Amino acid sequence: MSYYLKLDLPRNPLRFTPEKETQRQITGGYNLVRPEEILSDELLERFKEMGLKPKFVTLFGRNDTQSTLEDRLIHTDLAMNADGSWRKCLFGINWELEDSTNLFSWYDMTAVKEIWPTGKLSEYSKYKLLNGIHYVTRGGMGVPKGAVKLDETLIDGPTLVRTDVAHLTLYESKTYKRLGISVRFDESDFSSWDDVYQQLKSYSI
């Protein structure tokens, strides 16, 4: 089973220079912005050709240049339904800006306790749009006992990644504060990761 696809898309997804965006301040691990605010017209047109409807863009960063396994979080992506229940998010298309690279790894967490979000969120909280299942403890860092690595890929260009399976990212940037971008989409036309993969595999490199 494949967990990713390298895609034939622009290497710079942005309207602006990557250098400008890498100076953006990130709060709480990530910011969410509207696709039209940050993505290039060329990329938005390509998404239309691919039958994709961008919903929001996630900007990941901690205002630093590198990470270690001990300070990274294995998680499975979630979004909140209208009724307040949670659903797993199927996929994103990811870039790293400037000279940053990101080792993206997937894990089988069958043997590890799942910790789902609890507590009330404000009406406009970004954590309704993007949240996650954690493991062992809420916010627990590192790779716990029982986690089994399934696959990995280096995000060094536009990459479709599976997000409904537990994953961890490990990044390094030599010049600027690391900033990763993940475009998220309306998933109502897809019932599974396999649907996504089959629709987009003709756009792979």
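Here the structure is shown first, and the text comes after it.
So, here's what we can say about the structure. If you're wondering where the values come from, they're calculated on a predicted model, not measured in any experiment.

## Section: the overall build of the protein chain
Per the secondary structure count, the protein chain includes 5 helices and 13 strands. Relative to its length of 205 residues, the protein chain is compact, with a C-alpha radius of gyration of 16 Å against a globular reference of 17 Å. Along the first, second and third principal axes, the C-alpha atoms of the protein chain reach 45 × 40 × 40 Å. Counting over 205 residues, the protein chain shows a buried share of 48%. Sequence-distant contacts in the protein chain: of pairs separated by 6 or more residues, those separated by 24 or more amount to 84%. As displayed, the protein chain offers around 10200 Å² of accessible surface, 50% of which is attributable to carbon and sulfur atoms. Across the protein chain, 27 positive and 30 negative side-chain charges occur, with their mean positions spaced 4 Å apart.

## Describing the side chain of S40
By the secondary structure assignment, S40 is in the loop between helix 2 (35-38) and helix 3 (41-49). Classification of S40 by relative accessible area gives buried; the value is 11%. If sequence neighbours within four positions are ignored, S40 has contacts with P13, L14 and R15.

## Examining helix 5 (residues 193-200)
Within helix 5, the full set of buried residues consists of W193, V196 and L200. End-on, the buried residues of helix 5 take up no more than an arc of 60°, which puts them together on one face. Next to the buried residues of helix 5 lie strand 1 (4-6), strand 6 (91-96) and strand 11 (159-162).

## Side note on the pattern of salt bridges
Under the defined criterion, the tally for this structure stands at 11 salt bridges. In this structure, K6 engages D156 in a salt bridge whose closest nitrogen and oxygen atoms are separated by 3.6 Å. With K6 in strand 1 and D156 in the loop between strand 10 (148-155) and strand 11, this pair connects stretches of sequence that are 150 residues apart. Given the relative accessible area of 25%, K6 is considered partly exposed. Owing to a relative accessible area of 42%, D156 belongs among the partly exposed residues under this scheme. Salt bridges sharing partners connect three or more residues here, namely R62, D64 and D71.

## Thoughts on the packing of aromatic side chains
All chains considered together, the criterion is met by 9 aromatic pairs. Summarising the aromatic geometry, the rings of W193 and Y197 are spaced 6.0 Å apart at their centres and angled 55° between planes, so their arrangement reads as tilted. Placement of the pair is W193 and Y197 together in helix 5, with a separation of 4 residues, close to one helical turn. Of the residues examined, W193 reaches a relative accessible area of 6% and is grouped as buried. Through successive ring pairs, a cluster of aromatic residues spans Y3, Y4, F104 and W106. Taking the ring centre of Y30 as reference, the NZ or CZ of K126 above it sits at 5.1 Å.

## Some words on the sheet that holds strand 6
Spatially, the 6 strands line up as an open sheet ordered 1-11-6-13-3-2, and their pairing is antiparallel. Pairing within the sheet leaves two strands with one partner each, and these edge strands are strand 1 and strand 2 (30-33). Direction aside, the axes of adjacent strands within the sheet are offset by 25° on average. The sheet contact formed by strand 6 and strand 11 spans 4 bridges and is antiparallel. The residue of strand 11 that forms the bridge with I93 is L160.

## Focus: the sheet that holds strand 10
One open sheet accounts for 3 strands, arranged 10-7-12; its pairing is antiparallel. Two strands bound the open sheet, and with one partner strand each, they are strand 10 and strand 12 (167-172). Taking each pair of neighbouring strands and ignoring which way they run, the sheet shows an average axis angle of 20°. As paired elements, strand 7 (residues 101-108) and strand 12 share 6 bridges and run antiparallel to each other.

## Examining unusual backbone geometry
With the exception of glycine, most residues fall at negative phi, and the peptide bonds are largely trans. Non-glycine residue N63 carries a positive phi angle of around 60°. Looking at where N63 falls in the secondary structure, it is placed in the loop between strand 3 (54-60) and strand 4 (76-80). Assessed through its relative accessible area of 32%, N63 is described here as partly exposed. The phi torsion at E98 lies on the positive side, around 55°, for a residue other than glycine. Its location among the elements puts E98 in the loop between strand 6 and strand 7.

Rules of the game
- Residues numbered from 1 in each chain as written.
- Predicted model: local features only at pLDDT ≥ 70, side-chain atom pairs only at ≥ 80, totals over all residues.
- Heavy atoms only, no water.
- Helix = DSSP H or I, 4+ residues; strand = E, 2+ residues; numbered from the N terminus.
- Rg over C-alpha atoms; globule rule 2.2 N^0.38 Å.
- Buried < 20%, exposed > 50% of the residue type's maximum accessible area, 1.4 Å probe, protein only.
- Contact = heavy atoms within 4.5 Å.
- Areas by Shrake-Rupley, 256 points an atom, 1.4 Å probe, with all protein chains shown as cover.
- Lys, Arg positive; Asp, Glu negative; His and termini not counted.
- Charge placed at Lys NZ, Arg CZ, Asp CG, Glu CD.
- Arc of directions from axis to C-beta.
- Salt bridge = Lys/Arg side-chain N within 4 Å of Asp/Glu carboxyl O.
- Phe/Tyr/Trp six-rings, centres within 6.5 Å; stacked < 30°, edge-to-face > 60°.
- Lys NZ or Arg CZ within 6 Å of the ring centre and 35° of its normal.
- Pairing = 2+ DSSP bridges.
- Axes fitted to C-alpha atoms, helices over the stretch in contact; angles between N-to-C directions.

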